Amino acid sequence: MSGASQPLRDSTGTLRSPRPTTNRQVSNRATPPVCSQCPSALPVPLTRPKRLPSTEELSDQKLLGQCADGDERSWTLLVARYENLVYSEALKVGLNEEDAGDVFQQVWLELHRSLPRIRNATGLPRWLIVATRRLSYKVAARGRRMVPSITREMVDPASLPDEELQDVETRMRLEQALDELGGSCAELLRMLFLQPKKQSYEDISDRTGLAIGSIGPTRSRCLLRLRKILEAIS
Amino acid sequence: MNPRQAHPGMDIWVRFIAGEGEGTEERESLASHLESCSRCTKDTEFLQNLQRARRVPKWVAPPTELSSAARRRPQGATLPPAPTQPRNVRWAPADVRGGVSTASASRMVSRMFPQAELGIVAIPPEASGEWRIEGRVWLREADARAIQVLLVHDDHVIASTEVFDGGYFELEDVVGSGWSLELHLPTGETLRLEDPDA
Ligand SMILES: [Zn+2]
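Residues numbered from 1 in each chain as written. Chains lettered and ligands numbered in written order. Predicted model: local features only at pLDDT ≥ 70, side-chain atom pairs only at ≥ 80, totals over all residues. Heavy atoms only, no water.

What to know about the sheet that holds strand E9 (residues 180–184) of chain B
Residues and elements named next belong to chain B.
Okay, step 1: Here five strands make up an open sheet; going across it, the order is E1-E10-E9-E6-E7 and the pairing mixed. Every interior strand has two partners, whereas the edge strands, strand E1 (87–89) and strand E7 (156–163), have only one. Between one strand axis and the next, the sheet turns through 25° on average, direction left out of account.
Okay, step 2: Sheet topology places strand E6 (residues 147–153) next to E9; five bridges connect them, and they run antiparallel. Each bridged residue has a counterpart across the sheet, and for Val 152 the counterpart in E9 is Ser 180. (Pairing = 2+ DSSP bridges. Helix = DSSP H or I, 4+ residues; strand = E, 2+ residues; numbered from the N terminus. Axes fitted to C-alpha atoms, helices over the stretch in contact; angles between N-to-C directions.)

Shown next, in the form of structure tokens:
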């Protein structure tokens, strides 16, 4: 099977937050062993090395707590998890790359200042978006940038559209769970559910080496595993 | 299909959520099962969440140098947590106080407390959208340690500065309605001044 010797490429490209030591990066270099709990149709990369923390150990709650205690590595992991979200949000509101870069830096400084008082770690994506939008307004106003999409309203956290926020939070949790899931299952689910355009079974079969007839059953097994992880995260 | 019958598998629900089989008897049967089965409702909610994640616009990675800089923990200690029992201080319409400018809609605090005396002015945003807050804090008992002054909104520390006994401070920043100014005294006590317009 092609997937065994040629690990699937990251199907989402920059959509994913870079992680310093992702399960995928480590596991794909290893020889696929047999896994009794995993879909038999897929080659199963090695499980994570024992030293790599699980999602629970890497929860936002724990990372925030450790960051507040001065832990360097937790800070790095936290920024790595959310840097794409912050930078993309600054661009999305209409800033140019230079101003988005300024906002990006200021958001992390604000997070650092605020570490001991962030009560709701599960709301961290919202916290970051609120900060990014307010700072985007500030950078645009101070630079006298005329950006029609940037309004004073952005300073008010209540102006953040709930639906958009829920989508982002769902996506973040899903990315986290897929990293925990790792291996070919995660790659298959990314192809099926996270690509902006739906992939045909033929494409998926070409890229994974799975027979078209086994994509459905494999998907079901992978989904059940993913759901367990998501339930644990939640 | 009814709840007493076997629950359809995940793969069936994937196709159902994708809208396959529109108008067929099988789909109607699945819809009817769903109405009375909480377990399968959970399955479909999970799948709908997956669909929702797809709606998020493509994220863009920051330039490498920005990312590398951000991943290094900022220097300096983190600031104090939210105070559990701050003493709330009320603003009054602005008056003239030596050395501190005032504007028409400004508010001020000029009061003596057991721990400190305050002389602070808050000037509302104009075109820049930025509040300006400036003033002095005099400690009632001499202390060489700094007073931390934080401009806060919910759990965001918007801006911060340090000032020593009798020193002048100013903060100017964009902040939404409902902000507060916290003065963390060296003794551990906190005085809090809430947004006068909230
Ligand atoms: Zn059911």
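Let's talk about the pattern of salt bridges
Residues and elements named next belong to chain A.
Okay, step 1: With the rule as written, the count across this model stands at 23 salt bridges over all chains.
Okay, step 2: In this structure, Glu 89 engages Lys 92 in a salt bridge whose closest nitrogen and oxygen atoms are separated by 3.4 Å. Within this pair, Glu 89 and its partner Lys 92 are both found in helix H4 (residues 72–92), separated by three residues, close to a single helical turn.
Okay, step 3: A residue is classified by how much of its surface remains accessible, and Glu 89, at 4% relative accessible area, is buried.
Okay, step 4: For Glu 110, the salt bridge goes to Arg 134, with nearest N and O atoms at 2.5 Å. Linking Glu 110 in helix H5 (residues 97–114) with Arg 134 in helix H6 (residues 124–142), this pair joins segments that are 24 residues apart in sequence. (Salt bridge = Lys/Arg side-chain N within 4 Å of Asp/Glu carboxyl O. Buried < 20%, exposed > 50% of the residue type's maximum accessible area, 1.4 Å probe, protein only.)

Some details on the coordination of the zinc ion
Okay, step 1: Here the zinc ion is held by the protein donor atoms His 7 of chain B (ND1), His 33 of chain B (NE2), Cys 37 of chain B (SG) and Cys 40 of chain B (SG), which lie 2.1 to 2.2 Å from it.
Okay, step 2: In the primary structure, the donors to the zinc ion are separated according to the pattern H-x25-H-x3-C-x2-C. (Donors = N, O, S within 2.8 Å, 3.2 Å for Na, K, Ca; no water.)

A closer look at the packing of aromatic side chains
Okay, step 1: Applying the stated rule across the entire model yields six aromatic pairs over all chains.
Okay, step 2: For the ring pair Trp 75 of chain A and Trp 108 of chain A, a centre distance of 6.4 Å and an interplane angle of 80° mean the geometry is edge-to-face. Within this pair, whereas Trp 75 of chain A is found in helix H4, its partner Trp 108 of chain A is found in helix H5, the two being separated by 33 residues in sequence. The same class applies to Trp 75 of chain A and to Trp 108 of chain A, which are both buried.
Okay, step 3: When the ring of Trp 131 of chain B is compared with that of Trp 179 of chain B, the centres are 4.9 Å apart and the planes differ by 65°; the resulting orientation is edge-to-face. Of this pair, Trp 131 of chain B sits in strand E5 (residues 130–139) while Trp 179 of chain B sits in the loop between strand E8 (168–174) and E9, placing them 48 residues apart in sequence.
Okay, step 4: By relative accessible area, which is 1% here, Trp 179 of chain B ends up buried.
Okay, step 5: Through pairs of rings, three or more aromatic residues link up here, namely Trp 75, Tyr 87, Phe 104 and Trp 108 of chain A.
Okay, step 6: The lysine or arginine in question, Arg 227 of chain A, covers the ring of Phe 46 of chain B, its NZ or CZ lying 5.9 Å from the ring centre.
Okay, step 7: Here the basic side chain of Arg 27 of chain B rests over the ring of Phe 16 of chain B, its NZ or CZ set 4.2 Å away from the ring centre. (Phe/Tyr/Trp six-rings, centres within 6.5 Å; stacked < 30°, edge-to-face > 60°. Lys NZ or Arg CZ within 6 Å of the ring centre and 35° of its normal.)

Quick notes on the interface of chain A and chain B
Okay, step 1: Tallying the contact residues gives 68 residues for chain A and 61 residues for chain B.
Okay, step 2: In total, chain A and chain B occlude about 5500 Å² of area from one another, counting both sides; carbon and sulfur atoms represent 59% of this.
Okay, step 3: Broken down residue by residue, the surface that chain A buries against chain B is led by His 112, Arg 113 and Arg 117 of chain A, which jointly contribute 14%.
Okay, step 4: The tally of links between chain A and chain B comes to seven salt bridges.
Okay, step 5: Its salt-bridge partner being Lys 138 of chain A, residue Asp 173 of chain B comes within 3.0 Å of it at the nearest N-O pair.
Okay, step 6: For the interface between chain A and chain B, the tally reads 24 residue pairs in polar contact (both at pLDDT 80 or more).
Okay, step 7: Listed by contribution, the elements that provide at least two residues to the side of chain A that touches chain B are helix H3 (60–68), H4, H5, H6, helix H7 (162–181), helix H8 (183–194) and helix H10 (212–233) of chain A.
Okay, step 8: A total of twelve residues in the side of chain A that touches chain B trace back to one element, the largest contributor, which is H4 of chain A.
Okay, step 9: Looking at the side of chain A that touches chain B residue by residue, the class counts come to 35 nonpolar, 14 polar and 19 charged. (Contact = heavy atoms within 4.5 Å. Buried area = accessible area lost by both parts, 1.4 Å probe. Polar contact = N/O pair within 3.5 Å; in protein donor to acceptor, adjacent residues only side chain to side chain. Nonpolar A, V, L, I, M, F, W, Y, C, P; charged D, E, K, R; others polar.)

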